Amino acid sequence: MTFASSPRPAPGAARPGRRRGALGPTVVVLVVLGILFMLAANLWTEVLWFDAVGYVDVLRVEWLTRGLLFAAGFVIMAAAVFAALSVGYRTRPIYAPSTPEQASLDQYREMVEPLRRLVVFAAPAVLGFFAGAAASAQWETVQLFLNGTEFGIADPEFGMDISFFMFTLPALRFVVSFLMAVAVIAGIAGLATQYLYGGLRLGGTGDRTTRAARVQLGVTAALIMVLIAANYWLDRYSLLVTEGELIQGAAYADVNAVMPSKAILAGVALLVGALFLVAAVRGTWRLPAIGVGTMVVAAIAVGGVYPSVVQRFQVEPNAQALEAEYIQRNIDATRTAFGLDEVEYTSYDATLVGQAGALREDAETTASIRLLDPAVVSPSFRQLQQNKQYYNFPDTLAVDRYQIDGESRDTVIAVRELNLAGLGADQRTWVNDHTVFTHGFGVVAAYGNTTAADGRPAFYQGGIPSTGSLGDYEPRIYFGQNTPDYSIVGAPEGTEPWELDFPDDDEPSGQVNTTFPTDEITAGPSIGNLWNQLLFAVKFGSEQILFSDRVTEESQILFDRDPRDRVGKVAPYLTLDTRVYPAVVDEKVVWIVDGYTTGDGYPYAASRSLDDVTVDSLTGQSDTIAALAPQEVNYVRNSVKATVDAYTGEVTLYAWDDEDPVLETWQGIFPTKIQPMSEISGDLMSHLRYPEDMFKVQRNLLATYHVDTAAEYYSGQDFWQNPQDPVTESLTQPPYYLTLEMPTQDEPTFSLTSTFIPGGQTDRNVLTGFLAVDAEPGDQAGERREGYGTLRLLELPRNTTVPGPGQVQNNFRSNPEVSQSLNVLQLGNSTVVSGNLLTLPVGGGLLYVQPVYVQASEGTRFPLLQRVLVSFGDQIGFAETLEEALDQVFEGDAGVEGVEPGDDVEEVPDAPVDGDEPTSPDDIVDETVPTPSAEPTTEPTTEPTDEPTTDPAPTGDARARLDAALADANAALLEGQEALADGDFAAYGEAQERLQQALEQAIAAETELEG
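What this report covers is the structure whose coordinates are included nearby.

Scoring rules and cut-offs
- All residue numbers here refer to positions counted from 1 along the written sequence of the relevant chain.
- The predicted origin of the model limits local features to residues at a pLDDT of at least 70 and limits the giving and counting of side-chain atom pairs to 80 or more, whereas totals for whole chains, interfaces and linings rest on all residues.
- Note that water and hydrogens are dropped before the side-chain values are worked out from all heavy atoms of the structure.
- Runs of E in the DSSP output that reach at least two residues are strands. Runs of H or I that reach at least four are helices, and both are numbered from the N terminus.
- To sort residues, take the accessible area from a 1.4 Å probe on protein chains only and compare it with the maximum for the residue type: under 20% means buried, over 50% means exposed, and anything in between is partly exposed.
- The criterion used for residue contact is that any of the two residues' heavy atoms lie within 4.5 Å.
- The method behind every accessible area is Shrake-Rupley, applied with a 1.4 Å probe, and residues are considered shielded solely by the protein chains displayed.
- In the cavity and pocket records, a cavity denotes points on a 1 Å grid over the protein atoms alone where a 1.4 Å probe fits but cannot get out, a pocket denotes an open set with protein on both sides within 12 Å along at least 5 of 7 lines, and lining residues are residues with an atom within 4 Å of a point.
- Grid points are joined across faces, edges and corners, and a volume is the space filled by probe spheres set on the points.
- Ten residues, namely Ala, Val, Leu, Ile, Met, Phe, Trp, Tyr, Cys and Pro, are considered nonpolar, four, namely Asp, Glu, Lys and Arg, are considered charged, and the remaining ones, Gly among them, are considered polar.
- An axis is simply a line fitted to the C-alpha atoms; with a helix, the fit covers only the stretch in contact. Between two such axes, the angle follows the N-to-C directions and lies from 0 to 180 degrees.
- Each angle receives one of four descriptions, namely roughly parallel if under 35 degrees, roughly antiparallel if over 145, roughly perpendicular if within 65 to 115, and oblique otherwise.
- Stacked, tilted and edge-to-face are the three classes applied to pairs of Phe, Tyr and Trp rings, where Trp contributes its six-membered ring and a pair requires centres within 6.5 Å; stacked means planes under 30 degrees apart, edge-to-face means over 60, and tilted covers the rest.
- We call a charge positioned above a ring when the Lys NZ or Arg CZ atom is no farther than 6 Å from the ring centre and deviates by at most 35 degrees from the ring normal.
- Under this definition, polar contacts are N or O atom pairs within 3.5 Å; protein pairs additionally need one hydrogen-donor-capable and one acceptor-capable atom, and for neighbouring residues in sequence, both atoms have to be side-chain atoms.
- Each direction from the helix axis to a C-beta atom contributes to the arc, which is the arc of those directions.
- A pair of strands is considered paired only if DSSP assigns at least 2 bridges between the two.
- Salt-bridge detection follows one rule: a side-chain nitrogen of Lys or Arg within 4 Å of a carboxyl oxygen of Asp or Glu.

**Quick look at the overall build of the protein**
Stage number 1. Looking only at helices and strands, the protein features 28 helices and 30 strands.
Stage number 2. Across the 1011 residues that make up the protein, the buried fraction comes to 53%.
Stage number 3. Within the protein, contacts between residues separated by at least 24 positions form 71% of all contacts whose residues are at least 6 apart in sequence.
Stage number 4. When the accessible area of the protein is evaluated, it comes to approximately 45500 Å², of which 53% is carbon and sulfur surface.

Given below as structure tokens:
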């Protein structure tokens, strides 16, 4: 039996195509749908978040504006390109001339023809998409233009209101640039189509363009010329905000040469546009070609050569006289744009010699000197108040002030936040990370101007539960700077709580649990239904959200919990300060965030890069201080104060500068979302302060713009700079908050301060100026205290040499007695840590104060205040207490009174660490810690006797005594560290006494050795 075989295809014949399976297209479709679903999940969860916070209108306005602009950009670009392609194709010649050029194009036409319909629709759509995306990114520019508020100030050149440059000019430039791009792209599309189908020829004889091609290309070219003319005309106004070689804004050559040339070039461009229209009708390109050539020559000669000649031969030989008017414009505009127009300038002839009693009139300022460095003492807060490993404090703490027993006290304060990294690997489960450990607990506050007897911070609020002078408040911290990416809270009524509230050894489980009251508070979107659970499971990539029994119908999901992020989302038009700080206000913990309205279009005002001028040694080393995004601005106002409730996450915006035109404009865009200042409570008002980044920008500008006249500015011989941090010897020294009384003030106020040294190419570190801003807004509800925000600049005479921070730090380190004592303090396993170097204008001169801390080199390390360094002129004081150090400088009596019986303060005990017994409110014992002199003094409890109170000094020569004393000091230091780690403060105090005795013996022996 035979079988017929199927015939084989002949060589070269096409094989029958295989049937393609559906797997490939199915996979593609599923991938596309998956991507779309993920995008939809992220978008809709954002809507749910904004709705929960109560700012969904902000999202609606932004998205609606973006959508309309995208649609407009898409339609304009797509329509223009589609029209260019369609007109080019429909007006093509029926019979193209038979030329070699056209013959070679035939094959391209054959290739394009099958895809022509696709190209005609796809190309405009793709280009329209990109154009729409570019247009939607300008939603802020368009909204500012539509809602712009007048400044009431005219620019000095055109006499137009500043709002034109801030709001209108950017929008006009965007429209012109966008239409220019549309016209050019449409022109290229039309040109290519006409060339491909024979409407335009490069070679051959006769007419090289058809009439239809001439009209299309001529009209397009004319439109481009009109837009070029508009661009030239707008350039005239942009000169007022453009940075030049000497100043920001139009200088002499710009006003007298560049501006006229721009007007001329605009006229030439319009003329050339008219010639293109003529060419479209008459059929010759000679006139527009001549016009384009003329425009190029004019751009070179009129727009480039002429201004250069004016600058070189007229301005440079007479620059100081000719540029004076424009430099003065720059000075005046810069001061106005950055709030420097009302600075109080005072000549301060600082004395260099400390006289006895010189600080008597500044006793209140001296008593308030902050010895607790918030950038140094965070480890002490952790060791003494952390309580459990899953809590933590930021590496840089906040400075505030509180009314304690009727007296305003500078305070170093921090929030005990959640730290999941402190849990062991076995405890890092999804249930623990997202449903059990959901919040931190309480604040910890210490006096800024005093410490406990052993150098620890003197806490007046702390412990778990939180106790102290701040009274009752809601201690749970669900929103802060260190929280999980998301937490799920809430449960049905009657459910056993599973959120850890705080540890308590009296409880059977060792902890007290709680349930967030989602039936009363909306802190985050609800995930009580399957759809929302699916959306958030996709958003966070956590399938557990779908299957966990702890996700119930009452559950809410908390995310985007950083206060700065929350304010930034609900107020996208604000630039936010890098520092966010907590405060106990009206029986709750709130985070306070300063918001700025900024601009880069203020005529003649100098511009600054915010990310550059706000970086200092503190922000450079901190993990909790956010960095600003790169942004060039020449207008800044601290127009908004924002709060974020640490318990509920509620975001509230308050109008702090209701006269700011930029803020008024944004209020028109987002109505009712900013509360008036009248809604600020008195308690909240007392914790607001002048923001650091605003002050940093102002001090940077005042280094140059403290000069009053154009002549001073032009010579530049009196320009200043902010010094480097003398402690870290890197980056700029940060400004410091402290309570002080400036020479022109009647009483001390909470202030923010900074110093100046000579600018330019010099290494001289002498003081040239001291700047302080009144940072105290008062405590009246809805009313800012008169004087808040006043900048006071002390200008030191040029013929005096007051040491700057760098010189003072060098004097400290090179002083033999100080160096010797510091070397002794860091013997063995100890390290000396220098605190912030504060500068205060007291006693008729400048006083420098620096706390000195000692900590272990290895193992458990946290700094304890042991010494205080002071400097006044060339005199240096170094002692255990501030009062003693001041007396050393001011002839034995600085005029600072000792501790009065009524000045004692209460201190809460340290929080128990793991393994210690918890401290209950009933266990609190009052410890007296003196305040005005900043250090404690211990009164003797027995009558003095002639009997020695210490062991006899080692016998033998001085070298032997030195070695023995150093060994005793090292032993005492180690014992003290061990006692402190164990929480045995009685033993620690005894060790400190032995350490002090050993140090005194060592110093005496070393002095004897050195003769």
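**Description of empty space enclosed by the protein**
Stage number 1. Under the defined criterion, the tally for this structure stands at 5 cavities of 30 Å³ or more.
Stage number 2. Looking at the largest cavity, its volume works out to about 130 Å³.
Stage number 3. As for the largest cavity, its lining consists of 16 residues, of which Pro394, Thr396, Gln481, Val580 and Thr624 are closest to the centre.
Stage number 4. Listing elements by their share of the lining of the largest cavity, those giving two or more residues are β4 (407-415) and β15 (575-585).
Stage number 5. Here the lining of the largest cavity gets 4 residues from one element, more than from any other, and that element is β15.
Stage number 6. Class assignment of the residues belonging to the lining of the largest cavity gives a composition of 10 nonpolar, 4 polar and 2 charged.

**So, the packing of helix α2 (residues 56-90) against helix α5 (residues 139-147)**
Stage number 1. Put simply, α2 and α5 touch, their axes get as near as 9 Å, and they point 100° apart. Judged on the interaxial angle alone, α5 and α2 are roughly perpendicular. Seen from α2, the contacting residues are Val61, Glu62, Thr65, Arg66 and Leu69; seen from α5, they are Trp139, Val142 and Gln143.
Stage number 2. Split into classes, the residues belonging to the contact of α2 with α5 amount to 4 nonpolar, 2 polar and 2 charged.

**Overview of the packing of aromatic side chains**
When we look at a pair of aromatic rings, we describe it by the centre distance and by the angle of the planes.
Stage number 1. In the structure shown here, the tally under the stated rule is 42 aromatic pairs.
Stage number 2. With centroids separated by 5.2 Å and ring planes inclined at 45°, the aromatic side chains of tryptophan 720 and phenylalanine 756 adopt a geometry described as tilted. Of this pair, tryptophan 720 sits in strand β21 (residues 720-721) while phenylalanine 756 sits in strand β23 (residues 749-758), and the two are 36 residues apart along the sequence.
Stage number 3. On the basis of relative accessibility, which here comes to 9%, the residue tryptophan 720 falls in the buried class.
Stage number 4. An aromatic cluster is present here, built from Phe70, Phe74, Phe129 and Phe130 joined pairwise through their rings.
Stage number 5. Positioned above the aromatic ring of phenylalanine 479, the side-chain terminus of arginine 561 is 6.0 Å from the ring centre.

**What to know about unusual backbone geometry**
Stage number 1. Following isoleucine 464, the chain continues to proline 465 via a peptide bond in cis, the omega torsion being -5°.
Stage number 2. In this structure, proline 465 sits in the loop between β8 (457-462) and β9 (467-468).
Stage number 3. Phi at aspartate 405 takes a positive value of approximately 55°, unusual for a residue other than glycine.
Stage number 4. Within the element layout of this structure, aspartate 405 appears in the loop between β3 (398-404) and β4.
Stage number 5. Of note in the backbone geometry, leucine 731 takes a positive phi value of approximately 55° without being a glycine.
Stage number 6. Locating leucine 731 in the fold gives a position in the loop between β21 and β22 (736-740).
Stage number 7. Given the relative accessible area of 40%, leucine 731 is considered partly exposed.

**Details of the environment of aspartate 400**
Stage number 1. Looking at the element boundaries, aspartate 400 is found in strand β3.
Stage number 2. A C-alpha to C-alpha distance of 9.0 Å links aspartate 400 and leucine 738, two positions 338 residues apart in sequence.
Stage number 3. Not counting the four nearest positions on each side in its chain, aspartate 400 is found in contact with Arg409, Asp410, Thr411, Ile413, Tyr581, Pro582, Ala583, His687 and Phe750.
Stage number 4. Separated by 3.0 Å, the side chains of aspartate 400 and arginine 401 make a polar contact.

**Looking at helix α13 (residues 378-385)**
Stage number 1. Among the residues of α13, those classed as buried are Ser378, Ser380, Phe381, Leu384 and Gln385. One side of α13 carries all its buried residues, which in axial view fall inside an arc of 155°.
Stage number 2. Phi turns positive one or two residues past the end of α13, at asparagine 387, with a value near 80°.

**Quick notes on the sheet that holds β15**
Stage number 1. Spatially, the 4 strands line up as an open sheet ordered β15-β16-β19-β20, and their pairing is antiparallel. The sheet is open, and its two borders are formed by β15 and β20 (651-655), each paired with just one other strand. Neighbour-to-neighbour, the strand axes of the sheet open up by a mean angle of 25°, direction not taken into account.
Stage number 2. Relative to strand β16 (residues 588-599), β15 is paired through 8 bridges, and the arrangement is antiparallel. Looking at the pairing, proline 582 lines up with tryptophan 591 of β16.
Stage number 3. Packing against the sheet, helix α17 (residues 563-570) makes contact with β15, β16, β19 (635-645) and β20, and its axis sits at approximately 120° to β15.
Stage number 4. Packing of helix α20 (residues 661-669) onto the sheet brings it into contact with β16, β19 and β20, and relative to β19 it is tilted by some 50°.

**What about the pattern of salt bridges?**
Stage number 1. Evaluated as defined, the whole model comprises 27 salt bridges.
Stage number 2. Across the pair arginine 335 and aspartate 708 runs a salt bridge whose closest N-O atoms are separated by 3.0 Å. With arginine 335 in helix α11 (residues 324-337) and aspartate 708 in the loop between α22 (692-705) and α23 (710-715), this residue pair connects regions lying 373 residues apart in the sequence.
Stage number 3. Classification of arginine 335 by relative accessible area gives buried; the value is 13%.
Stage number 4. Take aspartate 708: its relative accessible area is 42%, and that puts it in the partly exposed class.
Stage number 5. Residues joined by salt bridges that share partners form a network here, namely Glu46, Lys539, Asp560 and Lys569.

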